[in-house]
Every structure is written in structure tokens, then in C-alpha cells.
Amino acid sequence: MTDILALENLRASGVYNKRGVTMVRGEGALLWDDQGHQYIDCVGGQGAANLGHANATVAAAIAEQAQRLISLTEIFPNEQRAAVMDRLCRLADMPRVYLCNSGTEAIEAAFKFARVTTRRTEFVAAMRGFHGRTMGALSATWNKAYREPFEPLVPGFRHVPYNNLDALSKAVSENTAAVILEVVQGEGGVYPGTPEYLRGAQQICQERGALFILDEVQTGFGRTGKLFAFQHHDLRPDLLCLAKSIAGGVPMGATLIGERLGVLPGHIHGSTFGGNPLACAASLAALSEMERLDLPARAAENGAHFMERLQEINSPLIREVRGMGLLVGVELKKKSAPFLQALTERGVVALSAGMNVVRFLPPLVITREQLDCVANTLAQVLMEPVSE
Ligand code: PLP
């Protein structure tokens, strides 16, 4: 039998630190490795698997569309694309949408659209923010470890402390094309934005002629307990960036475009795969399934229950439990990596966020029993000695 990990280690670029388990199958919130071991999945495809693994409706829609038409550039209209565009615009209550293939592309598009519309060149982003790893999105991302090897980045980006309205107000000028924020900072450590901060940021943008970009690549599609996290705070972004679970796990991204931008000039942007009928069919099926399964409400209820269970863990190693819906972080007083390894050995896979936070991003179909099991397993792992 081929050693899959060894082969990947031999042939892969090296940019990922691999975990030592080879996953072969998933169902709902469960994964199985090639040895037949079962795991509760709190990685959730890094947020792409909100619907759970092997959703039958999405799988059937993909299979059907694959036999009909996969590739079709957006210069030709298509019924799947038109339908998903209309659906996304209605759901977000925004007039237009640009379709692409990933979160970082949705961010790049937002930056270009903001520059073209405002004829300004500067952007304000938040410390601890994460927006992707292509050169424009990386310029808005805060983490020095991601940025520094690639400097100089795109000029005109500055970072201000998150949840600090004064600092934001001082940073936004008549040269600011847009402010970009996450509603809950995910990768940066699971920090929810306060309603005052987010509403204040939107108002500052309106007053100064800058656009307000929300990055909901991670918080979108039910994750925080509403379909979009901005709906918790009645925000009206000018640009809304979406990806991850938008198409049931099939690669797809979208930049929703608000009224302040209107119709964009032709030829300023484009993508070969953007709006392909396969991804659009998958997205239509995924959006229907999210609605049928009432996933935002489930994330709200089960997320609150899970946070309570985590808060009950009596461990001197826990500094704080934070989150919104089923985007949950447990900040430890130690590095999270050894605890993630120990969790994996006990059948729970989870993510880190920064050095010290264990981040749980399970499929939103996860059951209460499974969440209880995750909380119990974390409690056990925190009681035992781990090798650092
Ligand atoms: N923005 C946020 C908030 C994210 O969490 C991510 C990915 O984790 C991205 C952007 C980039 O998305 P992608 O990895 O699809 O390019």
C-alpha cells in the first residue's frame, strides 16, 4: 500500500504543515481515516463544509450539472448562474454580484471595485484581520509571518486596532477607498466585533466617502447564527465578500456589490472559472439545503450550548472562551498545537487561530451529542500532560 503521507511530503509544495491522518470519507460532521478511525470534524473544511460532508442534494446537483455543462465563461448567460446571482443578491439584499472561485479572489475583486469606484487608492484594515494570501488580500492581512516574506506589498494599506472606533476614525481620510473588516475575526483568534464598533465604522465610511467592505468569507452562510453575520447588527456593507460554504464545498467565491457602486465599467476584472455552471448548480443546491435544514438557527442554538459546555471546563490552562454561533475559540495559556494533536488522537479534529487559540469550526449539522463529546474530550486533554 502506498504511504500517502510520505508521497504528499515528497511531492507537495511544502507550504502546509501536514497532520498525520489520511482522511478518506465524510458524512455529516464525521470524518473517517484510512485506518477506519472516526473523527468529529471541527475543522469543517476550514469553513467550507457548513452543510456537512456528503450532502445528498448537493452531490446530486453536482452530478447532474457535470453531465450537462461544466465550463461556460460569464460572457454567455446560463440558467444556473442567473438563478444563483439572483438568489445571493436577494439573500444579502444587495443589487449585484461578481462571481469568482475563492475567498482571496472575492477580496481582490472588492479592492479593485473600491478603487475604480472611489478613484482613491488607500485602504484601512484591522490588526489581527485575515483576508487571504494573494498580494492584495495579503496587504490587508495583519499577521507579519504571512506578510513579511513578500514585502513590498500593495501600497496604501494601514492597520488599526480592532474594536477601537477612535483609531479607525483617525485613519480614514479623503484618500481612503475603503475600510475592510471581519464581523468576527476568525483566523486572528476568534474576536467578535462589537455592534457599536461595526456600526460606527460603517457610519465613518459613509461620512467620508469611503466604501465599507465586510469580509464574511468565514462568518457567512450560517456560521455565526444568522445567514450573514452582518445581519446581527443591521449593517449595510457596500461590498460583501463570500466564499467557503457558498457552494456546499465546491470552490466558489462572490463579491456582492452595493448601490453606492452601481454598474461597474466593462473589462476591469474577470475570471475564467468565475460563475461556472457546476459551482453555480452546487451553490443553488447548497443554499436550498441551508434553508431547509435551518442551519443559521441550529448554529445559534447549538453554538450557545457548546460555549456553555466549554465555559464549564474547569482548567487553569483556559484564558477565555469566545465566539459567535459555531465559530468558537478557546484561548489557552499555552501553545495550542500539542493540544490539537492530543484531540486528534482522541477522535476530534480542530483548528488553531494564532498560537494559543483552539478554534472549532464544525459543520453546522453537528449534533448536540457530538458537541458535548468535543467539550468532554477537550476537558480530558487539558487535564493530561501533553508533549510540547
Ligand atoms: N477572508 C477570511 C475572513 C478568511 O477566513 C479566509 C480564509 O480562511 C479568506 C479570506 C481567504 O479565503 P480563501 O482561502 O478561500 O482564499
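Residues numbered from 1 in each chain as written. Predicted model: local features only at pLDDT ≥ 70, side-chain atom pairs only at ≥ 80, totals over all residues. Heavy atoms only, no water.

## Let's talk about the overall build of the protein chain
- The number of helices and strands found in the protein chain is 13 helices and 17 strands.
- For 388 residues, the compact-globule estimate of 2.2 N^0.38 gives 21 Å, and the C-alpha radius of gyration of the protein chain, at 21 Å, lies within 12% of that figure.
- In the protein chain, which comprises 388 residues, the proportion classed as buried is 54%.
- If you take every contact in the protein chain between residues at least 6 apart in sequence, the share linking residues at least 24 apart comes to 70%.
- With an accessible surface of roughly 17,500 Å², the protein chain has 52% of that area assigned to carbon and sulfur atoms.
- Computing the positive centroid from 37 side-chain charges and the negative centroid from 40, the protein chain places the two 4 Å apart. (Helix = DSSP H or I, 4+ residues; strand = E, 2+ residues; numbered from the N terminus. Rg over C-alpha atoms; globule rule 2.2 N^0.38 Å. Buried < 20%, exposed > 50% of the residue type's maximum accessible area, 1.4 Å probe, protein only. Contact = heavy atoms within 4.5 Å. Areas by Shrake-Rupley, 256 points an atom, 1.4 Å probe, with all protein chains shown as cover. Lys, Arg positive; Asp, Glu negative; His and termini not counted. Charge placed at Lys NZ, Arg CZ, Asp CG, Glu CD.)

## Some thoughts on the side chain of Thr22
- Note on placement: Thr22 falls in the loop between helix H1 (4–11) and strand E1 (23–27).
- With sequence-adjacent residues up to four places away left out, Thr22 is seen in contact with Ile4, Leu5, Trp32, Asp33 and Asp34.

## Structural notes on the packing of aromatic side chains
- Within the structure shown, the criterion is met by nine aromatic pairs.
- For the ring pair Phe130 and Tyr146, a centre distance of 5.8 Å and an interplane angle of 80 degrees mean the geometry is edge-to-face. Pair noted here: Phe130 is in the loop between strand E5 (122–126) and helix H6 (135–140) and Tyr146 is in helix H7 (residues 144–147), with a separation of 16 residues, a long-range link.
- Among the aromatic residues, ring-to-ring pairing joins Phe111, Phe123 and Phe157 into one connected group.
- Lying across the ring of Trp32, Arg25 places its NZ or CZ 4.1 Å from the centre.
- The ring of Tyr191 carries the charged tip of Arg322 above its face, separated from the ring centre by 3.9 Å. (Phe/Tyr/Trp six-rings, centres within 6.5 Å; stacked < 30°, edge-to-face > 60°. Lys NZ or Arg CZ within 6 Å of the ring centre and 35° of its normal.)

## Side note on the packing of helix H12 (residues 337–345) against helix H13 (residues 368–383)
- Running from amino to carboxyl end, H12 crosses H13 at an angle of 125 degrees, the nearest separation of the two axes being 10 Å. Taken together, the axes of H12 and H13 are oblique relative to one another. Crossing hand, H12 versus H13: right-handed. Contact with H12, carried on its side by Phe339, Ala342 and Leu343, involves Thr377, Leu378, Val381 and Leu382 of H13 and no other residues of that element.
- Grouping the constituent residues of the contact of H12 with H13 by class yields six nonpolar, one polar and no charged. (Axes fitted to C-alpha atoms, helices over the stretch in contact; angles between N-to-C directions. Parallel < 35°, antiparallel > 145°, perpendicular 65-115°, else oblique. Left-handed = near helix turned anticlockwise from the far one by under 90°. Nonpolar A, V, L, I, M, F, W, Y, C, P; charged D, E, K, R; others polar.)

## A few points about the sheet that holds strand E14 (residues 327–332)
- A sheet is described by the order of its strands in space; here four strands give the open sequence E13-E14-E17-E16, paired in antiparallel fashion. Of all strands in the sheet, those with a lone pairing partner are strand E13 (318–324) and strand E16 (351–353), marking the two edges. Pairwise comparison of adjacent strand axes, ignoring direction, gives a mean angle of 25 degrees for this sheet.
- As paired elements, E14 and strand E17 (residues 357–360) share four bridges and run antiparallel to each other. When the sheet's bridge partners are listed, Val328 is paired in E17 with Phe360. (Pairing = 2+ DSSP bridges.)

## A short note on the packing of helix H11 (residues 295–311) against H13
- Here H11 crosses H13 at 25 degrees, and the two axes come no closer than 9 Å. On the basis of their axis angle, the class for H11 and H13 is roughly parallel. Between H11 and H13 lies a crossing of right-handed hand. Contact residues: H11 offers Glu301, Asn302, His305, Phe306, Arg309 and Leu310, while H13 offers Arg368, Leu371, Asp372, Val374, Ala375, Asn376 and Leu378.
- Taken together, the residues that form the contact of H11 with H13 break down as six nonpolar, three polar and four charged.

## So, unusual backbone geometry
- The omega torsion across Glu151 and Pro152 is 5 degrees, close enough to zero to call that bond cis.
- Note that Pro152 resides in the loop between H7 and strand E6 (157–160).
- Here Ala54, not a glycine, exhibits a phi torsion of approximately 60 degrees, which is positive.
- Inspection of the secondary structure assignment puts Ala54 in the loop between helix H2 (44–47) and helix H3 (56–68).
- Classification of Ala54 by relative accessible area gives exposed; the value is 59%.
- In this structure, Arg119 is a non-glycine residue whose phi angle is positive, near 55 degrees.
- Mapped onto the fold, Arg119 is located in the loop between helix H5 (103–118) and E5.

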